[in-house]
Amino acid sequence: MNNERFTAYYRAQNIISDDEWESFMESLRRPLPTTFRITGSREIAHTLGNTIKETYVPLLDNIIFEDEVIPPPAQIPWYPEGLAWQFNVSKKVLRKSPEFKKFHSFLVHETDVGNISRQEAVSMLPPLFLDVQPHHKVIDMCAAPGSKTAQLLEALHANDTATATSIPPGLLIANDSDARRSHLLIHQSARLPSPAFMVTNLDASIYPVLRSGTTDQRRLIKKTPSQLLFDRILCDVPCSGDGTLRKNIGIWKRWQPMDGNGLHGLQVRILQRAMRMLEPDGRIAYSTCSLNPVENEAVIAAALNSNPEFELVDVSSQFPELLRRPGIMTWTPTVHRSIDTSYISWNAYIETIPDEKRAESKMLETHWPPSNSGSLNLERCMRIYPYLQDTGGFFVAVLERKSSHQPSTSKHAPKRGAEEVDVAVPETKKPKLEIDVSSHQLDEVPGANTKSASAAEVDTTMDEPAAERTQTKPTAHPGKIKVSDPSFKEMPYTFLAPDDPALATCIQQLNLSSDFPSSKVLVRNPEGEAVRSFYLTNDLVKSVILNNDYTRMRLMTSGTKVITKQEAGRGMDTHFRILGEGLPVVLPYVNPEAIMVAGFATLKTLLQTYYPLCASFPEPFKSAIEARSAGSHVVRFPASQSADTTLSRDLVLPLWKSNISVALMIDKKAKSALSLRLFGEDITIAAREAGNKKRFAAIQATAPNDPQELEVRNDENDGGGGEDVNEDDIDTE
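Residues numbered from 1 in each chain as written. Predicted model: local features only at pLDDT ≥ 70, side-chain atom pairs only at ≥ 80, totals over all residues. Heavy atoms only, no water.

Thoughts on the sheet that holds strand β17 (residues 521-523)
Part 1 of the argument: Reading across the sheet, the five strands line up as β16-β17-β18-β20-β21 and stay open at both edges, with antiparallel pairing between neighbours. Only two strands of the sheet have a single partner each, and these edge strands are β16 (494-495) and β21 (575-578).
Part 2 of the argument: One ladder, built from four bridges, connects strand β18 (residues 533-536) with strand β20 (residues 560-566); its direction is antiparallel. Looking across to β20, one finds that Y535 is bridged to K561. (Pairing = 2+ DSSP bridges. Helix = DSSP H or I, 4+ residues; strand = E, 2+ residues; numbered from the N terminus.)

Observations concerning the sheet that holds strand β23 (residues 631-637)
The pairing of strands in a sheet comes from backbone hydrogen bonds and takes either a parallel or an antiparallel form.
Part 1 of the argument: Strand order in the open sheet made by the four strands is β22-β23-β26-β27, with mixed pairing throughout. Edge strands, defined here as strands with exactly one partner in the open sheet, are β22 (595-597) and β27 (662-664). Across this sheet, the average inter-strand angle for adjacent strands is 40°, counted without regard to direction.
Part 2 of the argument: Where β22 lies against β23, three bridges are found, and the strand directions are parallel. Its bridge partner lying in β23, V597 is registered against R636. (Axes fitted to C-alpha atoms, helices over the stretch in contact; angles between N-to-C directions.)

Remarks on the packing of helix α10 (residues 258-276) against helix α11 (residues 297-306)
Part 1 of the argument: Where α10 contacts α11, the two axes come as close as 9 Å, and the packing angle between them is 45°. Considered as vectors, α10 and α11 are oriented oblique to each other. In terms of crossing hand, the pair formed by α10 and α11 is right-handed. Contact residues: α10 offers H264, Q267, V268, L271, Q272 and M275, while α11 offers A298, V299, I300, A302, A303, L304 and S306.
Part 2 of the argument: Its residues assigned to classes, the contact of α10 with α11 comprises nine nonpolar, four polar and no charged. (Parallel < 35°, antiparallel > 145°, perpendicular 65-115°, else oblique. Left-handed = near helix turned anticlockwise from the far one by under 90°. Contact = heavy atoms within 4.5 Å. Nonpolar A, V, L, I, M, F, W, Y, C, P; charged D, E, K, R; others polar.)

Some words on the pairing of strand β10 (residues 230-236)
Part 1 of the argument: The buried fraction of β10 is high, at seven of seven residues.
Part 2 of the argument: Relative to β10, strand β7 (residues 137-140) runs parallel, the two sharing three bridges. Residue D140 lies in a different strand from β10, and its bridge partner there is L234.
Part 3 of the argument: Relative to strand β11 (residues 278-288), β10 runs parallel, the two being bridged by six bridges. Paired with L234 across the strands is A285, a residue of β11. (Buried < 20%, exposed > 50% of the residue type's maximum accessible area, 1.4 Å probe, protein only.)

Some details on the pairing of β20
Part 1 of the argument: Along β20, five of the seven residues are buried, which leaves the element largely enclosed by surrounding structure.
Part 2 of the argument: Two strands pair when backbone bridges link them, and β20 and β21 are joined in this way by four bridges, in the antiparallel orientation. Each bridged residue has a counterpart across the sheet, and for T564 the counterpart in β21 is R577.

A word on helix α5 (residues 98-112)
Part 1 of the argument: The end-to-end C-alpha distance of α5 is 21 Å, a good match for the 21 Å that 15 residues give at a rise of 1.5 Å each.
Part 2 of the argument: When we look at burial in α5, the residues that qualify are F100, F103, H104, S105, F106, L107, V108, H109, E110 and T111.
Part 3 of the argument: Once α5 finishes, G114 follows within two positions and takes phi at roughly 90°, a positive value. (Expected span 1.5 Å × (residues − 1).)

Structural notes on the confidence of the model for the chain
Interpretation of the predicted coordinates at a detailed level should be avoided for regions scoring low in pLDDT.
Part 1 of the argument: Residue-level pLDDT values for the chain average 82, and 79% of them are 70 or greater.
Part 2 of the argument: Below pLDDT 50 for its whole length, residues 405-481 participates in 168 contacts with residues either more than four positions away or in separate chains. (pLDDT = per-residue confidence, 0-100.)

Focus: helix α8 (residues 179-189)
Part 1 of the argument: Within α8, the full set of buried residues consists of R181, S182, L185, Q188 and S189. For α8, the arc enclosing every buried residue in end-on projection is 115°, short of the 170-degree limit, so these residues lie on one face.
Part 2 of the argument: Here the buried face of α8 lies against α7 (147-156), β8 (171-175), β9 (197-200) and β19 (555-558).
Part 3 of the argument: Of the residues that open α8, the one with a side-chain oxygen 3.1 Å from the backbone nitrogen of R180 is D178. (Arc of directions from axis to C-beta. Polar contact = N/O pair within 3.5 Å; in protein donor to acceptor, adjacent residues only side chain to side chain.)

Here we look at the pattern of salt bridges
Part 1 of the argument: This structure, assessed with the given rule, holds 19 salt bridges.
Part 2 of the argument: In this structure, the salt-bridge partner of K148 is D236, at a minimum N-O distance of 3.1 Å. Of this pair, K148 sits in helix α7 while D236 sits in strand β10, and the two are 88 residues apart along the sequence. Each member of the pair K148 and D236 is classed as buried. (Salt bridge = Lys/Arg side-chain N within 4 Å of Asp/Glu carboxyl O.)

This is the structure we're talking about:
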């Protein structure tokens with residue numbers, strides 16, 4: 001694997017010393033190890049970590065496969081609390097080695113339920129350097145596919161317990177310009193339900209001003225809400241992605257430096273927009289998976305020169321076991337795909353172009369190092385190279401705002417031109433791009449100009465409150481809602497009155513205490529009817545929804561779904577039930593006397609059978625469940641030890657009782673993960689059905705020419721269903 005343009009360009013940049021160049025290139029040609037992170041916001045994280053250390057590492061130690069010793073999983077040394085792991089085995093080993101196959105099945109099931117996140121090691125870095133606290137207002141500007149968003153959400157929920165989710169006072173907005181990828185963020189966030197979470201679908205470079213309910217001194221006269229500023233902002237911007245060569249080997253053939261040149265303007269605008277959205281003393285993490293200084297140090301230099309109240313933060317002492325290299329202060333962009341790096345400055349380049357052709361140039365002054373690059377502390381940026389710790393290539397810079405924002409008069413402020421908007425992005429890079437840079441996407445924000453919507457202009461055009469508010473008070477309102485962007489088809493967000501009859505019935509049925517935050521419950525329909533589901537938010541999220549037009553901010557989801565209607569059987573009234581993913585949020589408000597207690601035998605029955613009869617359970621649970629009315633219930637399994645398993649912490653799960661039977665109201669994947677964790681095998685009925693289906697497929701493959709025999713065997717295996725596990729089931733970023 002080789003690319004002459006890649007070699008010539010990066011040799012000219014001097015990003016790697018001559019004596020390390022061969023090590024650098026060889027590392028790029030090796031496959032990338034598999035890395036994963038145990039979610040750090042739940043107490044179960046340390047339980048899972050101990051399971052890996054005490055069960056799977058000894059099991060996988062000294063495994064020999066095809067005469068080769070396969071190393072066991074190892075902790076990533078720099079990740080806090082040892083919650084990130086790495087192992088380097090091929091898919092062939094995962095398929096054929098019984099020990100690794102068992103370990104991989106464990107990973108897949110825990111990933112499905114959100115206890116493990118498959119994520120590249122270097123991708124874990126930006127959220128760590130942001131140091132998010134539960135009270136922070138945070139935005140991830142280019143969030144999809146969502147692994148970094150999950151880290152930020154975990155930090156916001158640092159006070160969660162093993163069984164209950166806290167309601168943090170802060171906020172996390174995950175944004176992506178692509179609607180499909182925004183829906184992916186919603187799916188990913190379901191693994192860690194949060195009342196403090198929102199997803200928007202906007203171009204990050206012209207992200208509109210949002211309003212909060214608090215009123216600052218400047219707006220007392222007009223009595224208008226103040227601008228929502230953020231304490232922490234993550235800008236993991238679209239990039240050419242050549243730091244991912246180890247997992248995206250197609251880049252070897254396609255790589256050319258003009259990709260980075262074309263994205264530079266967009267990257268600068270996103271970072272500048274983030275700077276204008278940051279609180280004083282706030283922090284921004286800017287990152288790319290590119291090695292190109294035009295996408296890295298050049299962007300940082302341009303942003304710092306246009307915003308002199310910002311500075312780079314020296315984080316070299318944080319995570320000392322992380323091997324890194326400092327940012328560079330000089331680089332030479334190429335003005336042609338043939339690698340022409342002969343122009344040492346923009347002036348030297350532009351003077352070679354006739355006056356009438358200069359407006360057509362795609363090269364900007366900020367592509368080159370500024371004259372003051374030596375005073376910008378660019379060495380505080382971090383470069384991560386694959387040969388240092390067997391990772392991908394990565395760039396991270398941390399910036400802080402130390403004073404109130406003042407308009408910049410710096411002579412280094414980047415010049416804008418229409419050519420910056422229309423960035424030609426190679427088709428092969430589009431999966432990495434977190435926002436689509438085509439001009440039609442810029443039209444998604446009302447009032448944005450695709451030709452000249454600079455950061456300053458965005459603040460002017462977006463700063464006025466929406467003429468029509470879709471929600472002005474925390475009660476449902478009838479009639480047709482007027483919206484700023486009729487093309488946005490998501491349903492509105494309507495907060496219910498605390499004394500709403502449907503909500504009051506729900507609270508009574510589910511035995512919720514008077515402390516339940518009923519004033520922060522919303523529904524997704526314009527009439528405010530409790531048609532099916534209730535969502536729970538916190539105060540800050542509610543304030544943002546009430547003070548902004550949801551179509552203008554293209555709000556895809558908000559808060560977390562906690563309660564839904566359960567269709568009742570014949571002769572039964574409609575009941576509400578607590579969702580499995582919503583239980584940790586609602587649990588602190590469930591009256592303690594309403595929570596049932598059961599043991600291992602009951603749990604095993606619930607896992608092994610879809611709808612076990614009430615009479616089939618051992619005492620005392622049998623009598624307790626028979627005495628309960630039909631509907632939604634909560635059961636607690638206390639930490640204990642039996643002959644075949646140990647439950648190291650309390651386990652709380654939702655149940656649904658019909659007239660004569662009971663169902664455990666968590667999905668099949670969650671049941672399988674729980675079974676594997678407790679019993680070392682999947683004892684669920686779904687697993688048995690999947691096994692039957694797999695055996696039947698094998699029978700068909702070995703005897704396809706005997707229809708009579710197939711018919712008999714088909715009768716024997718009728719009803720088999722479920723999902724099998726394969727080694728591609730874990731998503732990656």
